[in-house]
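The residues making up each chain are set out below.
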Amino acid sequence: MSGGAAEVGAGLLDNPLLAGIVGALLLVVLVAGFVIIRRPSLLDYLKGRKGNVNHSATAVDEDEDAGKPKIAILFGTQTGTAERFSKQLKSDLQARYGKGNAISVVDMEEYSGPDNLADEKLVFFMVATYGDGEPTDNAADFYGWLLKAAAEAERGGGEQFLKGVTFGIFGLGNKQYEHFCMVGKRMQKAMIALGAEPIVRRGDGDDDEDIEADFDKWREELMTALDASEGLFAKGEATEGAAIPEVTAVQAYDVVPASGPETKLVSGSGVTAATPYLASVHVVRELHSEKSDRSCIHVELDIRGSAITYEAGDHVGVLPENGPEAVARAAELLGVPLDYAFSLTKPSGESDLPSPFAGPITLKTALARHADLLSPISKQSVAAFAAFAESDDKERLLDILTGNGGANYKEWHGTSKCLLELMEEFPNVKPPLGAFFGSIAPRLQVRFYSISSSPKQNPGHLHITCAVVNEKVATGRLHEGVASFFLKRAAVGTPVPVFVRRSTFRLPKDTTTPVVMVGPGTGLAPFRGFLQERAALIDAGAKLGPAFLFFGCRKASHDYIYKEELESYLLSGALTELHVAFSRDGPSKEYVQHHLEKRTADVGKLLSDEQGGFFYVCGDAKHMAKDVHRTLANVLQTTCNYSSADAEAHVKRLGETGRYQKDVW
Ligand SMILES: Cc1cc2nc3c(=O)[nH]c(=O)nc-3n(C[C@H](O)[C@H](O)[C@H](O)COP(=O)(O)OP(=O)(O)OC[C@H]3O[C@@H](n4cnc5c(N)ncnc54)[C@H](O)[C@@H]3O)c2cc1C
Ligand SMILES: NC(=O)c1ccc[n+]([C@@H]2O[C@H](COP(=O)([O-])OP(=O)(O)OC[C@H]3O[C@@H](n4cnc5c(N)ncnc54)[C@H](OP(=O)(O)O)[C@@H]3O)[C@@H](O)[C@H]2O)c1
Ligand SMILES: Cc1cc2nc3c(=O)[nH]c(=O)nc-3n(C[C@H](O)[C@H](O)[C@H](O)COP(=O)(O)O)c2cc1C
């Protein structure tokens, strides 16, 4: 999706689907259908693809790169880190070995397919893991195809068609999640099963600690391996500044001043990230009581007239805007008036810059919609910023970046400074806008929300239940969550760019199947949609199975959100049992899993193979979902008289058969 997410802003104004390309792709699919292929599931792969640019790593820069060894760096990203690392790897390889190799960085969604993979000599994957050990949206098709092909090869039914391909994988993840770097791990196994050979150990980057350091270490090992390799790579002279190539080679858009009015946002279909729909805010309401010192808001968006359809359990992507104070301060520090209007264009020649966002645009709008000013800044951004520093500032920035063998940067970055704080710290450094938007400020990312309504009860509307982030970060700054504050501030009628992302989080098809739902805090969101769905089914005369809900919050009088609604579902029969754990009302913490334990016998019965019940969990992945997982295994162990291994196997089976579903973040 990076593609997706990173270029969403540009996509607001233009629809990149080219009929000719789609036509060509369809033709390929049709032809492939008549060819008997030994490479498993090529057709599946092509079928799964959307109307993307048919971009193979081996097809770029053909003229300039003719005769050079070709290297592909493929990235699977949601929020841009894997893409950034891919570009950094390319720039490092060029800095170390000169420009004697044709290196292309390719979005996995735009990679033209399995045939090319077999033709690559050297290929790298930078892949992030999300959800419950899942690939990113932009890597999903490729990943599915690769794993399927590998499984067939392992069963002996498929060819090891990647023999002769050398590869390296850097996985991006976070150790707090249960399935740490699962995508990188599985891809490594699959590549080997298909005959490819790793050139370096797999890298596992942990963004809970220091993912940049993990990447640096992996790159060093990779360079050592490449130095020792024969024939894979043209090894020319190192270029100057190889230690921090970004400082010497900052990519910048060309900035064209504009005099006309700013281009207005237009509404897309809302069906993809590249074509968001401008939904109008219908309601914004506080859900916590006045006693609470936190905020959680209920937002209703009007999607009437759009092509958007959704089902309870789907996600909505929101393209937020930075708040006015951050925008004004950033413009001041850049030394450019807020109403300065311009367009960005890509410079001629080789560039890894994404398509620029559409213009003419004022600096105010560009900073609000497109620049990530407040997230922890990356080393690459600091290095690009340093390229515009002079005298003392330059020395100080270079010392931060490279001093003490990297220890200075670690210390400086220890508090996760954001771009705005970097600009505050070096107010004399005023990068030009082309470099600022090209290399310094990452693109502001989409935020996802579990839709908290059912279209059966709210046709034309879509609800969000959003915990408002308002917390002191390590630098001492009070951080107002970009998207949650954007929604909280939104007046009725404000247009909010949104799109719907399909999920597999669904009620059972058979309405009589029992369901057990566990969702503390905002984890309640999709279950509110499920309950609305069940209430609509009751109205339509359907027979429903039992439904248990385990909700948790701090205090009954503070943050028991949607209390009246939940109680009304008990009366209507949409809900059979409601269990609420108040974690801060009593002498000791009470959590959802404690209530689940108390209902062991009944929950175990509902989830038995005889009753075939479904178990759902939504909300915090790092702690809650793991604890609930353990409790679920204990419940099954007790009720089914299992060993702990058998209980785990049963839980795994529930997951594999879709009877244990997670929507966790
Ligand atoms: C599939 C999915 C479903 C989701 N569903 C929901 C839902 O239904 N309801 C809901 O409320 N949320 C949901 N989320 C979370 C949601 O997408 C957002 O992450 C959340 O609203 C916070 O976004 P924000 O822009 O307001 O906060 P951000 O500005 O992105 O901040 C988020 C966090 O990063 C920290 N942070 C940011 N900048 C810094 C810095 N410089 N230094 C240190 N720390 C920093 C903040 O302190 C905060 O903890 C979901 C997420 C996913 C992936
Ligand atoms: N992965 C993430 O980064 C992530 C995920 C979800 C939410 N959040 C953030 O957290 C904030 C509030 O979120 P929220 O309103 O959804 O939930 P919340 O109000 O923080 O928590 C809901 C309830 O869950 C309890 N809880 C805490 N740890 C638990 C555990 N291990 N098992 C079971 N229950 C547990 C809490 O108790 P106590 O607080 O009393 O311990 C509270 O009673 C928001 O800022 C949100 O963005 C972050
Ligand atoms: C909602 C969410 C779910 C995640 N799930 C996992 C996971 O299951 N396993 C893991 O190792 N990392 C997980 N991560 C961490 C990301 O993989 C990590 O932040 C990575 O650096 C993101 O890379 P990207 O910016 O290229 O998308 C998750 C992060 C988020 C925000």
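Residues numbered from 1 in each chain as written. Chains lettered and ligands numbered in written order. Predicted model: local features only at pLDDT ≥ 70, side-chain atom pairs only at ≥ 80, totals over all residues. Heavy atoms only, no water.

Per an unreviewed UniProt entry, the protein goes by NADPH--hemoprotein reductase and derives from Botryococcus braunii.

K.L.:
I keep staring at the overall build of the protein and nothing clicks. Help me out?
P.N.:
Within the protein one finds 25 helices and 23 strands. Out of the 665 residues in the protein, the part that is buried amounts to 53%. In the protein, the proportion of contacts linking residues at least 24 apart, taken out of those at least 6 apart, comes to 78%. Working note: accessible area of the protein is about 28400 Å², and carbon and sulfur atoms make up 52% of it. (Helix = DSSP H or I, 4+ residues; strand = E, 2+ residues; numbered from the N terminus. Buried < 20%, exposed > 50% of the residue type's maximum accessible area, 1.4 Å probe, protein only. Contact = heavy atoms within 4.5 Å. Areas by Shrake-Rupley, 256 points an atom, 1.4 Å probe, with all protein chains shown as cover.)

K.L.:
How should the site of ligand 1 be read in this particular structure?
P.N.:
Among the 26 residues in the neighbourhood of ligand 1, the closest are listed as Phe448, Tyr449, Glu471, His479 and Ser484. Between ligand 1 and Phe448, the relevant distance is 2.6 Å, taken from an oxygen atom to a main-chain nitrogen or oxygen of the residue. For ligand 1, an oxygen atom lies 2.4 Å from a polar atom in the side chain of Glu471. Protein chains shield 78% of the accessible area of ligand 1, which is 970 Å² for the free molecule. For the shell around ligand 1, the secondary-structure elements that each account for two or more residues are β14 (447-450), β15 (461-467) and α19 (482-489). Element by element, the count of residues in the shell around ligand 1 is highest for β14, at 4 residues. Split into classes, the residues belonging to the shell around ligand 1 amount to 13 nonpolar, 9 polar and 4 charged. Counting residues domain by domain, the shell around ligand 1 receives three or more from each of domain 2 (277-321 + 446-501) and domain 3 (324-440). (Near = heavy atom within 4 Å. Polar contact = N/O pair within 3.5 Å; in protein donor to acceptor, adjacent residues only side chain to side chain. Nonpolar A, V, L, I, M, F, W, Y, C, P; charged D, E, K, R; others polar. Domains from an automatic or database assignment.)

K.L.:
For this particular structure, what's the right way to read unusual backbone geometry?
P.N.:
That bond from Gly359 to Pro360 is cis: its omega, -5 degrees, falls within 30 degrees of zero. Following the sequence through the fold, Pro360 ends up in the loop between β12 (341-345) and β13 (361-362). Residues other than glycine seldom take positive phi values, yet Cys181 does so here, at roughly 50 degrees. With respect to the helices and strands, Cys181 occurs in the loop between β5 (166-173) and α9 (182-193). Judged by relative accessible area, Cys181 falls into the buried class, the value being 0%. Within the chain, Ser416 stands out as a residue other than glycine whose phi angle is a positive 55 degrees.

K.L.:
Would you mind going over the packing of aromatic side chains with me for this structure?
P.N.:
Aromatic ring pairs are described here by two measures, namely the spacing of the ring centres and the angle between the planes. A full pass over the atoms with the stated rule returns 28 aromatic pairs. On the basis of an interplanar angle of 75 degrees and a centroid distance of 6.0 Å, the ring pair of Tyr111 and Phe142 is categorised as edge-to-face. Taken together, the residues span a long stretch of sequence, with Tyr111 in the loop between β2 (102-107) and α7 (114-119) and Phe142 in helix α8 (residues 140-154) at a distance of 31 residues. Ring centres of Phe530 and Tyr616 lie 5.3 Å apart, and the angle between their planes is 75 degrees; on these two criteria the pair is classed as edge-to-face. Of this pair, Phe530 sits in helix α20 (residues 525-539) while Tyr616 sits in strand β22 (residues 614-619); the two residues are 86 residues apart in sequence, bridging distant segments of the chain. No difference in accessibility class separates Phe530 from Tyr616, as the two residues are buried. An aromatic cluster is built from Phe85, Phe124, Phe170, Phe215 and Trp218, whose rings are joined through pairwise contacts. Its end group placed over the ring of Tyr409, Lys379 keeps NZ or CZ at 5.1 Å from the ring centre. Here the guanidinium or amino end of Arg501 rests over the ring plane of Phe448, the centre of that ring lying 3.7 Å away. (Phe/Tyr/Trp six-rings, centres within 6.5 Å; stacked < 30°, edge-to-face > 60°. Lys NZ or Arg CZ within 6 Å of the ring centre and 35° of its normal.)

K.L.:
Would you explain the sheet that holds strand β20 (residues 547-553) in this entry?
P.N.:
Strand pairing in a sheet takes place through backbone hydrogen bonds and is either antiparallel or parallel in direction. With respect to topology, 5 strands assemble into an open sheet ordered β21-β20-β19-β22-β23, the strand pairing being parallel. The open sheet has two edge strands with one neighbour each: β21 (577-582) and β23 (660-664). Pairs of neighbouring strands in the sheet enclose a mean axial angle of 10 degrees, with direction left out of account. Note that strand β19 (residues 515-518) and β22 share 4 bridges and pair parallel. Looking at β22, one finds that Val515 is bridged to Phe614. (Pairing = 2+ DSSP bridges. Axes fitted to C-alpha atoms, helices over the stretch in contact; angles between N-to-C directions.)

K.L.:
Explain the site of ligand 3 here, please?
P.N.:
Around ligand 3, the structure places 21 residues, and the nearest of them are Thr77, Thr79, Thr81, Thr129 and Asp207. Contact distances for ligand 3 include 3.3 Å between an oxygen atom and a backbone N or O atom of Gly80. About the coverage of ligand 3: the protein hides 88% of its 650 Å² of free accessible area. Breaking the shell around ligand 3 down by element, the ones donating at least two residues are α6 (81-97), β3 (122-130) and β5. It is β3 that provides the largest number of residues to the shell around ligand 3, a total of 3 residues. The residue inventory of the shell around ligand 3, partitioned by class, reads 9 nonpolar, 11 polar and 1 charged.

K.L.:
Is there a simple way to think about the sheet that holds strand β8 (residues 254-257) in this case?
P.N.:
In spatial order, the strands read β8-β12-β13; together these 3 strands make up an open sheet with antiparallel pairing. Whereas interior strands pair on both sides, the edge strands pair on one side only; in this sheet they are β8 and β13. As paired elements, β8 and β12 share 4 bridges and run antiparallel to each other. Note on β12: the bridge partner recorded for Val255 is Leu344.

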